[in-house]
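# Notes for the structure review
Spelled out from the first residue to the last, the chains are:
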Amino acid sequence: QVQLVESGGGLVQPGGSLRLSCAASGLFFKINAMGWYRQAPEKQRELVAVISSGGSINYVDSVKGRFTISRDNAKNTVYLQMNSLKPEDTAVYYCNALASKINGGSLYNYWGQGTQVTVSS
């Protein structure tokens, strides 16, 4: 079992910043990638940013230039620095990890509990 613990969400004014953290723990062999998804009310869950163990990064177009994802592989932790926040960034943000339990084993998606980010004046 893999547990993902998120922190850093909260209420911020437009133009402000937040930094989300997600730490993975438990039984796993390797985490191939970690990322952040978000889901606003009555909207589909969307991928915000993802980073592989090798450092490859992708962002959804709407956050490019404002958000930065980073990863500490030694600590199995992923971060999302969010700057110039807009009301449309308001959502529940979910940490995600793609991991194998054993060497050569199948890859599974693991999810954090979600953390609320609210951007409002």
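Refer to the structure above for everything that follows.
These numbers were taken from a predicted model, which means no experiment stands behind them. (Residues numbered from 1 in each chain as written. Predicted model: local features only at pLDDT ≥ 70, side-chain atom pairs only at ≥ 80, totals over all residues. Heavy atoms only, no water.)

## Some words on the sheet that holds strand β1 (residues 2-7)
Inclusion rule: Strand pairing requires that DSSP identify at least two bridges connecting the strands. Helix and strand definitions follow DSSP, with helices as H or I runs of at least four residues and strands as E runs of at least two, each counted in order from the N terminus. Lines fitted to C-alpha atoms define the axes here, with helix axes fitted over just the stretch in contact, and angles between the N-to-C directions of these axes take values from 0 to 180 degrees.
Pairing in this open sheet of 4 strands is antiparallel, and the strands run β1-β3-β8-β7 from one edge to the other. With partners counted over all chains shown, the strands left at the sheet margins are β1 and β7 (67-72), one partner each. On average, each strand axis in the sheet is inclined to that of its neighbour by 15°, with strand direction left out of account. Across 6 bridges, strand β3 (residues 18-26) lies against strand β8 (residues 77-82) in antiparallel orientation. Bridge pairing links L20 to L80 in β8.

## Regarding the nonpolar core
Rules: Nonpolar core, defined: a set of buried Ala, Val, Leu, Ile, Met, Phe, Trp, Tyr and Cys residues in which side-chain atoms within 4.5 Å join the residues together. A simple rule labels every residue: compare its accessible area, found with a 1.4 Å probe on the protein chains alone, to the largest value its type can have, and call it buried under 20%, exposed over 50%, or partly exposed in between. Note on definitions: a residue-residue contact is assigned when non-hydrogen atoms from the two residues lie within 4.5 Å.
One finds L4, M34, W36, L80, M82 and Y93 to be the most contacted residues of the largest nonpolar core, which totals 29 residues. Elements supplying a minimum of two residues to this core: β1, β3, β4 (30-39), β5 (46-52), β7, β8, β9 (91-100) and β11 (115-119). Ranked by residues supplied to this core, first place goes to β9 with 5 residues. Residues within four places of L4 in sequence aside, it is in contact with C22, A23, A24, M34, C95, N96, A97, Y110, W111, G112 and Q113.

## A few points about the environment of L98
Position of L98 among the secondary structure elements: in strand β9. Relative accessible area serves as the criterion here: at 26%, L98 is assigned to the partly exposed category. A C-alpha to C-alpha distance of 21 Å links L98 and G8, two positions 90 residues apart in sequence. Setting aside chain neighbours within four positions, we find L98 in contact with K30, I31, N32, A33, L107, Y108 and N109.

## Some points on the side chain of S21
Relative to the assigned elements, S21 resides in strand β3. Exposure remark for S21: the relative accessible area of 17% places this residue in the buried category. Beyond its immediate chain neighbours, meaning those up to four positions away, S21 contacts V5, E6, S7, W36, V78 and Y79.

## Considering the pairing of β7
Residue alternation in β7 divides its side chains into a buried set, F67, I69 and R71, and an unburied set, T68, S70 and D72. As defined by bridge partners, β7 adjoins β8 across 6 bridges and the pair is classed as antiparallel. Bridge pairing links I69 to L80 in β8. In this antiparallel pair of consecutive strands, β7 and β8, the connection spans 4 residues, and N76 shows a positive phi of 50°.

## Notes on the pattern of salt bridges
The following threshold applies: Salt bridges are identified by distance alone: a Lys or Arg side-chain nitrogen within 4 Å of an Asp or Glu carboxyl oxygen.
One pass over the full model with this rule turns up 4 salt bridges. K64 is the salt-bridge partner of D61, the closest N and O atoms lying 3.0 Å from each other. Counted as one network, the salt bridges with shared partners bring together R38, E46, R66 and D89.

All we've got here are geometric facts, nothing functional implied.
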